[in-house]
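Reading the structure
Here are the chains, one letter per residue:
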Amino acid sequence: MTELVATTPGLYPLPDWAKDTLSDLKGHQKHDLIGGDEDEETTAAYTEVREELVEDQTGAGLDRVVEGQARWDDMLAHPLAVHENVETRGIVRYYDNNNFYRDPVVTGDLTESGDVARELEAVADLRSPDDPNAEESEDAAPLQAVLPGPYSLTDLASDEHYGDEGEFLDAITEFLAGEVALFPDHETLFLLEPSLVEEPPGDGVDEHASEAIDRVASATDAEVVVHTYWGALEEKVHAHLLDADVDAIGYDFVNEVDDNLYNITEYGTKDSIALGLLDGQNTLVESPETVAERIEWIDERVPSQEFETTYLTTNTELFYLPENKYKEKLETLGAVVAPREVTA
Amino acid sequence: MSPQSNRDQFRRPDHANETFIMTTVVGSYPKPKWLHRVRELWEDEENSFDDEDWKEATDDAARVITEEHERAGLDVLVDGEVRRNEMVEFFAHRIDGYEFNGPVKVWGHNYFDKPSVTRQVEYGENWLVEEYEFAAALTDRPVKVPITGPYTLANWSFNEAYDTEEELTYDLADLVNEEIEKLVDAGARYIQIDEPALATTPDDHAIVGEALERIAEEIHEDVYLGLHVCYGDYSRIYPEILDYPVDEYDLELANGDYEQLDVFTEHEFTGNLALGVTDVHVAEVESVAEIKENIKKGLEVVPADRLTVSPDCGLKLLPRDVAYGKMENMVQAAREVEAEIDRGEIEIARTPASAD
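Keep in mind that what you see is a predicted model, and the values were worked out from it rather than measured.

Attention now moves to the interface of chain B and chain A. Tallying the contact residues gives 34 residues for chain B and 34 residues for chain A. Here chain B and chain A share an interface that buries about 2,800 Å² over both sides, 53% of which is from carbon and sulfur atoms. When the area that chain B buries against chain A is broken down by residue, the three leading residues are Lys105, Trp107 and His109 of chain B, summing to 27%. For the pair chain B and chain A, the number of links is one salt bridge. Here Arg236 of chain B and Asp96 of chain A are joined by a salt bridge, their closest N and O atoms 3.4 Å apart. Between chain B and chain A we count 14 residue pairs in polar contact (both at pLDDT 80 or more) in total. The dominant element in the side of chain B that touches chain A, judged by the number of residues it contributes, is strand β3 (residues 104-107) of chain B, at four residues. Of the residues assigned to the side of chain B that touches chain A, the class counts are 18 nonpolar, twelve polar and four charged.

What follows is the structure, given as structure tokens:
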């Protein structure tokens, strides 16, 4: 029987108090956003936020804990936005949302910066504050790292250094693999790849994108989930993605049911699967019963495959939601897995 | 009526140049700091500061900002939307069917209280008529009324009640139409529909078009309707938007360094263009010379008598002195470009005779 793992693709909303505090500390304009060199007071505020976000997940009973990425002012573009060889320029729309990020323009060689690794280490420190070398409590939910996938990060960025699209994707891939290699121990790595749906790669690039994902995934021993959202993958893109050596592919069952089911039943999927079943962009909170029914419903329609692990998640990042609804969504996720764990 | 003919009503009798490039702002303006303090007092339930006090304070703020716009020399003023907190939130508070859960991120540390539609929307209390009447009484210059469009009111809300966002949009369009009729009865002649959400979901341009048809229905032809769409890939909605029943398209291009300008030159721009000529996300005042160059970009798309200039978007996030500086330099830049056109120093195409 599949192991049901409740988790999220990260990128949480700031707690309301922190919205005001960080706004006052940092300012409202694009040059005020995170640059990787924040002062002590700002760092302290983020530490407090991080602690709260971890508590939210622990309290809700999630099976994986993410850092929450509250510092990611530029959403998925963050790892580049804080890089020394990247200039952040005009604000551009984050996919088709009412959200914006600074255009990260790569102007020099991309080498790993360790920025995301430091965030993950900070989570580990929070969970064993007295002795940084101590093993985490056995009761603590394992850590899950979150990164943009190489194709999406390339899609979100601009290049003024590498000059060739293929080389740029390779450079971003090496950069992300280098970041992953610096990560502390983590159970799962979620690679977020919405661009595979929103800006699907054409012939040749689709294969290249999957190879890139494979290379980032190979930088960790953790389970790797490539999570896609805002619809379904084109058939060929999906077929190529299956060639990547990852443990699971994530499907958005909020925005697109039929085409995702078609891809899974027609082409199969990995041994594990991630189901984006809760709407990360709507305040209507799903009941645990409804979510459980949806899992069953999908299971019935994929009779040919029994999954090792089913990651239950929101379809998208959660930063779109107000604080109260974000917490309720976590509670629902936790409630869906809770009774199963008891009866297992 | 030709696109520019009902635009001439906004030209002041003492306008110095033969050429007229209309100057205005998109809408919002930094509020006086004391108004933020007043809002805190008003929202503090333990304080005796009441609705009357709040009204008096916002009236005063409207006086200050309207005067500031006039001093900067704008042809068409706005009261700075001093009574509004945010472009969806303000209206959602006045429409039955909305609920609020808390602020959500837009970008950086800018948030808005994104509401949830939990049942069928209905016209509740008045929206903008009092605001317009108050501002119009303060000045002899025309006052523009920005009003958030139905598609944005739907798309930037969480929809918990309607089967489709399209149905919600059309219900909201009927409410916007009702409000505009009241504004027109009160004397408003320049109404700008703000539909920034269109840029986020360009495939829905037909829905926006249908909503605008409902809004424009039976609106008097003297009324100048503008449409503001900002921050997006305009190539995905242009030239389709030219079919909309509006007189003017207000577009943001300064922040993107006019990289999308060729979108509007590839197909003939048949409406009036309101072009963003200062970047509202840079807290420095562009020089008059720089803004003049930006204005000339607009002249590559339309002739001067169909060109309006404004900042890219609302100015409310800027320091107030910077916002004022941008307006003042923009007006000076427009007047200098007009004079240069009059003197033949800038060659531009004149509007061809209307076929109407």
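Still more ground to cover, so stick around.
Our focus in this paragraph is the environment of Val223 of chain B. All names here are of chain B. Locating Val223 in the fold gives a position in the loop between α7 (205-216) and β9 (224-229). In this structure Val223 comes out as buried when scored by relative accessible area, which is 5%. Between the C-alpha atom of Val223 and that of Arg189, which follows or precedes it by 34 residues, the distance is 4.5 Å. Apart from the residues lying within four places of it in its own chain, the contact partners of Val223 are Asn6, Val184, Ala188, Arg189, Ile191 and Asp247.

The next point concerns unusual backbone geometry. A cis amide bond links Tyr238 of chain B to the next residue, Pro239 of chain B, at an omega of 15°. By the secondary structure assignment, Pro239 of chain B is in the loop between β9 and β10 (248-251). For Gln69 of chain A, which is not glycine, the phi dihedral falls at a positive 55°. Note on placement: Gln69 of chain A falls in the loop between α2 (40-60) and α3 (78-81). With a phi angle near 55°, Asp257 of chain B is a residue other than glycine that sits in the positive phi range. With respect to the secondary-structure elements, Asp257 of chain B resides in the loop between β10 and α8 (261-266). A relative accessible area of 59% places Asp257 of chain B in the exposed class.

Formed by 218 residues in total, the largest nonpolar core has its most connected members in Tyr94 of chain A together with Ile191 and Ile295 of chain B. Top contributing element to this core by residue count: helix α10 (residues 320-342) of chain B, with ten residues. Those residues within four positions of Ile295 of chain B in sequence are excluded, and the remaining contacts are Ile21, Val277, Leu307, Val309, Met330, Ala333, Ala334 and Val337 of chain B. Phe20, Met22, Tyr190 and Tyr224 of chain B belong to the second largest nonpolar core, which has six residues in total.

With that settled, consider helix α9 (residues 288-299) of chain B. Residues and elements named next belong to chain B. Between the first and last C-alpha of α9 there are 17 Å, a value that for twelve residues agrees with the 16 Å anticipated at 1.5 Å per step. What α9 keeps buried is the set Val288, Ile291, Lys292, Asn294, Ile295, Gly298 and Leu299. Mapping the buried residues of α9 onto a view down its axis gives an arc of 160°, with all of them on the same face. In this fold, the buried residues of α9 make contact with β11 (272-278), β12 (307-311) and α10.

To describe a pair of aromatic rings, you give the distance between the ring centres and the angle between the ring planes. A full pass over the atoms with the stated rule returns 24 aromatic pairs over all chains. For the ring pair Tyr94 of chain A and Tyr101 of chain A, a centre distance of 6.1 Å and an interplane angle of 85° mean the geometry is edge-to-face. Neither residue differs from the other here; Tyr94 of chain A and Tyr101 of chain A are each classed as buried. Here the aromatic rings of Tyr229 of chain A and Trp230 of chain A are separated by 4.9 Å at their centres, their planes lie at 70°, and the arrangement is edge-to-face. Of the two residues examined, Tyr229 of chain A and Trp230 of chain A, each falls in the buried class. An aromatic cluster is present here, built from Tyr94, Tyr95, Tyr101, Tyr229, Trp230, Phe319 and Tyr320 of chain A joined pairwise through their rings. Against the face of Phe90 of chain B rests Arg84 of chain B, its NZ or CZ located 5.6 Å from the ring centre. Its guanidinium or amino end placed over the ring of Phe158 of chain B, Lys114 of chain B lies 4.2 Å from that ring's centre, counting from NZ or CZ.

Further remarks concern the pairing of strand β5 (residues 115-123) of chain B. Residue and element names in this part refer to chain B. Judged from the five bridges that link them, strand β2 (residues 95-100) and β5 form a sheet pairing that is antiparallel. Note that in β5 the partner of Tyr98 across the bridge is Val117. As judged from the two bridges shared by β5 and strand β7 (residues 158-159), these two strands associate in the parallel manner. Of the residues in β7, the one forming a bridge with Val117 is Asn159.

Remark on secondary structure: sheet strands pair via backbone hydrogen bonds, oriented parallel or antiparallel. Within the open sheet, the three strands sit side by side as β2-β3-β5 (chain A). Their pairing is mixed. Bordering the open sheet on either side are β2 (86-93) and β5 (158-159) of chain A, each of which pairs with just one other strand.

Moving on: the sheet that holds β12 of chain B. All names here are of chain B. The seven strands are arranged β1-β12-β11-β10-β9-β8-β6 in an open sheet whose pairing can be described as parallel. Looking along the sheet, the strands with just one partner apiece sit at the ends: β1 (22-23) and β6 (144-148). In this structure, β9 lies alongside β10, joined through four bridges in parallel fashion. Each residue of the ladder has a partner; that of Leu227, found in β10, is Tyr249. In the packing of helix α6 (residues 165-185) onto the sheet, contacts are made with β6 and β8 (190-194), and the angle to β6 comes to roughly 170°.

So, on to the confidence of the model for chain B. All names here are of chain B. Confidence along chain B averages 93 in pLDDT terms, with 96% of residues attaining 70 or more. Long-range and interchain partners of residues 350-356, a stretch whose pLDDT sits below 50, account for ten contacts in this model, where long-range means more than four residues apart. The complex prediction reports pTM at 0.84, with the ipTM value standing at 0.90.

As a further point, take the pattern of salt bridges. Residue and element names in this part refer to chain A. Applying the stated criterion across every chain yields a total of 38 salt bridges over all chains. Measuring nitrogen to oxygen at the nearest pair gives 2.9 Å for the salt bridge that ties Glu286 to Lys329. A residue pair is termed long-range when its members are at least 10 positions apart, and Glu286 in the loop between β9 (272-278) and α11 (288-301) and Lys329 in helix α12 (residues 323-343) qualify at 43 residues. Salt bridges here are not isolated pairs; linked through shared partners, they connect Glu38, Arg71, Asp115 and Glu119.

Another point: the packing of α6 of chain B against α7 of chain B. Residue and element names in this part refer to chain B. For the pair α6 and α7, interaxial distance at closest approach is 8 Å and the crossing angle is 30°. Relative to α7, the element α6 is oriented roughly parallel. Considering how the two elements wind past one another, α6 and α7 form a crossing that is right-handed. In this structure, α6 contributes Glu166, Thr169, Tyr170, Ala173, Asp174, Val176, Asn177 and Ile180 to the contact, and α7 contributes Ile207, Glu210, Ala211, Arg214 and Ile215.

About the criteria used
- Residues numbered from 1 in each chain as written.
- Chains lettered and ligands numbered in written order.
- Predicted model: local features only at pLDDT ≥ 70, side-chain atom pairs only at ≥ 80, totals over all residues.
- Heavy atoms only, no water.
- Contact = heavy atoms within 4.5 Å.
- Buried area = accessible area lost by both parts, 1.4 Å probe.
- Salt bridge = Lys/Arg side-chain N within 4 Å of Asp/Glu carboxyl O.
- Polar contact = N/O pair within 3.5 Å; in protein donor to acceptor, adjacent residues only side chain to side chain.
- Helix = DSSP H or I, 4+ residues; strand = E, 2+ residues; numbered from the N terminus.
- Nonpolar A, V, L, I, M, F, W, Y, C, P; charged D, E, K, R; others polar.
- Buried < 20%, exposed > 50% of the residue type's maximum accessible area, 1.4 Å probe, protein only.
- Core = buried A, V, L, I, M, F, W, Y, C linked by side-chain atoms within 4.5 Å.
- Expected span 1.5 Å × (residues − 1).
- Arc of directions from axis to C-beta.
- Phe/Tyr/Trp six-rings, centres within 6.5 Å; stacked < 30°, edge-to-face > 60°.
- Lys NZ or Arg CZ within 6 Å of the ring centre and 35° of its normal.
- Pairing = 2+ DSSP bridges.
- Axes fitted to C-alpha atoms, helices over the stretch in contact; angles between N-to-C directions.
- pLDDT = per-residue confidence, 0-100.
- Parallel < 35°, antiparallel > 145°, perpendicular 65-115°, else oblique.
- Left-handed = near helix turned anticlockwise from the far one by under 90°.

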